Structure formats: C-alpha cells, structure tokens
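Structure at a glance
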Amino acid sequence: MNWKRTISLSVTALVMVLMILDTEMAFYAANEGIDICLRTIIPSLFPFFFLSGIINSALIGVNSHFLRPLSRLCRIPVGAESLMILGLTGGYPVGANATYTAYVSGSMSRRSAQRMIAFCNNAGPAFVFGILSPLFENRLACWTLWGIHICTAILVAVLLPGAETETCIETKNNSANVTQFLQMAIRNTATVCGWVILFRIVMGFLDRWFLWLLPKEIQILLCGLLELSNGCISLSGIVSDGLRFVLATVFLAFGGVCVAMQTASVIGDLSTKSYLLGKGMQTALSLLFAGIMQNFLFPAGTVHLPFFLYMPGIFVLSLPILKKTVAFPAKIRYNKENSPE
C-alpha cells in the first residue's frame, strides 16, 4: 500500500469517527449545505448548464467576424469565442464543462482545451450580485468586483503561454437534442451540489473542533479558500469594508478547493494543472487590483495591505516583459562524446 492510499484511508477513517462521535453536527452541516444548494447553487447554475449546452452546440466552430477580436486578444482558436463568453458569465464550473464538451466532440484539440480551462471558468454575475451585493452599501462595489474578475480572467488569457492558431470545427456531435442537454445539466448540477454539501460538512467539523482557536478573519479566509459560497456568506462578519472587498475579490478569483473539485469532476481526462496555474495567476492579479480599488471605493474603511502581497500580481503582469528581455538558454543535448565525464 503506497503512502497516498494510506493517507487517504486515514483521513477517511478519521472523518467517519468524527461523524460517529458528532452525528448532530454532520446532520446540521449537511442540512446547511442542502439549503445553500436550494437557495443559491441550483437557481444560479442549473439554467446556465442547460443553456450553455444549447449555446455551445450552436456557436462552437462558427466563425463569427464580430467575435474575432476576442479570439485574437485571448489567443484562443477561432470559433471558440462562445466558450470564453460562457466562462465569463456562466459561473463555476459551466465554462470548464463547456470547454470539455467541445474537446470531446472533436471541435478543438486537447492542448487548446487545457489552456482554455485556465481562464474560461469563473464566477457568474448571478452569484456575484446575488450573494455579495448585500455586503456593501456602495453599489459600485459589486460592479467593481465583477469587473476585476472579468478583466483578470482576460489578462490571464493574454499572459498565459501556449497560443493556438487552430480553428474550431463544427462536428456532428454538436447536434444533440434538448433532452440530452437537460440530462447533462441535471447530472452536472447534482455533482456540484454533492461537493458543496460535502465541503459544508467538512467546514462544520473544522469550525467546531479547530477553527474557533483562530482569529475571526483567519477563520473566514480559510472558509473562503475551501468553499466559495460559505466563504462569501461569512464575509458579513468582517467590519472593515476594505478587507471585506479584498477578500471577496480573492475568493471569487481562486474559487476555492471545492470549486477545483467541481471542475475536476466535469472536465473528464483533461489535466487540472493548467486550471490551477490560471487560478493562481488570476488570484494574484485580483489581489493587486482590489488593493488599489479599495482606496477609491472605501476611503474611510481602507485596509493597508503589506507590499509583499502585491508582488505576485506585479510579477504576473511583468511576465511578457521578462520573456522579451531575459534570454533563456536553449536546451543542450549531451552524449558520451561531449559529456564532462
């Protein structure tokens, strides 16, 4: 038995023991997770899962001249612009699922699909304005949050290496009927809800057994990094408008471990490495822009962040300059004759 399986079994056994010792907490947390799914996840995601299947089948591979600037800016295959639009408006993980569907249907290559899931998977406006708007008296705050979220996703597309020159093709598999789209939407929504409920149970146990030892701000930060919905809801416990705004921006950009698991569940055999790289870049840029914008939105409630927190975002923005100015040595092939030994 390898060490990964040993750790997995140990963690599973520990969780089962905790559930036996504290059944009441498990039931309470599960009910909270179900409530979140009924009030937030299903209303905001199910329609987009269904409509994204129809839109994707109708537009993928279609060469629309008015969308050509988007493909050039983001350096994505011509005909894949609909995936970018769904990724910016559909909500987690609609964009990733639409990209995987295009890949499976044969409309785009594996390389293009893996690059696009790095920035075509974002929080939707329904979630942003539905969950976060009650947290800010300034109405511009939510618009700024969503603006930063969209702009940083596009920036990741611009900065991420591996531009493709291919063109998406329209295939026969794109002509699925409405019933198939409905079945896929139900299946994907159920998968997302399952992860949300599971992570709510985990958060319930962590909060009961460990998190109460930490400062409130750290508790909320860990909660948001683990699960997006609960993290955003818990932001109401932060007094500072500026800190609340910065954390909300980071939560939206990163998506949380729960969203990462949701994404992994809907992208089949595509690798999650490029997705995690894209989310890391987007989080760094979002932190940089949120730290700047909070000064204009909340002059009285601005939180002064240490300069080192801005460094990852500055580094990401400087990648194109570094690529042009730094000469990287080419790979050298060695053999027995030129080996130093």
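The rules behind these values
- The residue numbers shown here count from 1 along each chain, following its written sequence.
- Local features in this predicted model are restricted to residues whose pLDDT is 70 or higher, and side-chain atom pairs enter the listing and the counts only when it is 80 or higher, whereas totals over whole chains, interfaces and linings include all residues.
- Note that water and hydrogens are dropped before the side-chain values are worked out from all heavy atoms of the structure.
- As a rule, the C-alpha atoms of each element are fitted with a line to give its axis, helices using only the stretch in contact, and angles between N-to-C directions run from 0 to 180 degrees.
- Helix numbers and strand numbers start at the N terminus; a helix is a DSSP run of H or I with at least 4 residues, a strand a run of E with at least 2.
- Handedness of a crossing follows from how the near helix is turned relative to the far one, being left-handed for an anticlockwise turn of less than a right angle and right-handed for a clockwise one.
- Between two residues, a contact is recorded if the distance between any of their heavy atoms is within 4.5 Å.
- Residues are grouped as follows: Ala, Val, Leu, Ile, Met, Phe, Trp, Tyr, Cys and Pro are nonpolar; Asp, Glu, Lys and Arg are charged; all remaining types, including Gly, are polar.
- Aromatic pairs are defined between Phe, Tyr and Trp rings, using the six-membered ring for Trp, whenever the two ring centres lie within 6.5 Å; interplanar angles under 30 degrees are classed as stacked, those over 60 as edge-to-face, and all others as tilted.
- Relative accessibility under 20% of the residue-type maximum defines a buried residue, over 50% an exposed one, and the middle range a partly exposed one, all with a 1.4 Å probe and only protein chains included.
- Working definition: a disulfide is two cysteine sulfur atoms within 2.5 Å of each other.
- On a scale of 0 to 100, pLDDT captures the predictor's confidence in every residue.

**Details of the packing of helix α8 (residues 140-159) against helix α14 (residues 273-297)**
- Relative to each other, α8 and α14 sit at 145°, their axes nearing to 9 Å. As for the relative orientation of α8 and α14, their crossing is right-handed in sense. For the pair α8 and α14, the contacting residues are Leu140, Ala141, Thr144, Ile148, His149, Thr152, Ala153, Leu155, Val156 and Leu159 in the first and Gly278, Met281, Gln282, Leu285, Ser286, Phe289, Ala290, Met293 and Leu297 in the second.
- In terms of residue class, the contact of α8 with α14 is made up of 13 nonpolar, six polar and no charged.

**Comments concerning the packing of aromatic side chains**
- On inspection of all chains with the given rule, the structure shows eight aromatic pairs.
- For the pair Tyr100 and Tyr103, a centre-to-centre distance of 6.2 Å together with 50° between the ring planes defines the contact as tilted. One end of the pair is Tyr100 and the other is Tyr103, both in helix α5 (residues 94-104) and three residues apart, which spans about a single turn.
- We classify Tyr103 as buried; its relative accessible area is 19%.
- Here Trp195 and Phe199 contribute two aromatic rings whose centre-to-centre distance is 6.2 Å and whose plane-to-plane angle is 55°, an arrangement assigned as tilted.

**As for the state of the cysteines**
- Following the criterion strictly, the structure yields zero disulfides and no others.
- A disulfide-free cysteine, Cys142 has its sulfur positioned 9.9 Å from the sulfur of Cys232, the nearest such atom.
- With relative accessibility at 5%, the residue Cys142 sits in the buried group.
- We note that Cys223 lacks a disulfide partner, and the nearest cysteine sulfur, in Cys232, lies 9.1 Å from it.

**Some words on the confidence of the model for the protein**
- Per-residue confidence for the protein gives a mean pLDDT of 82; residues scoring 70 or more make up 87%.
- Here helix α16 (residues 319-325) is the element of the protein with the lowest mean pLDDT, 70, and helix α12 (residues 241-254) is the one with the highest, 95.
- Note on residues 327-341: pLDDT under 50 across the span, and one contact to partners over four residues away in sequence or across chains.

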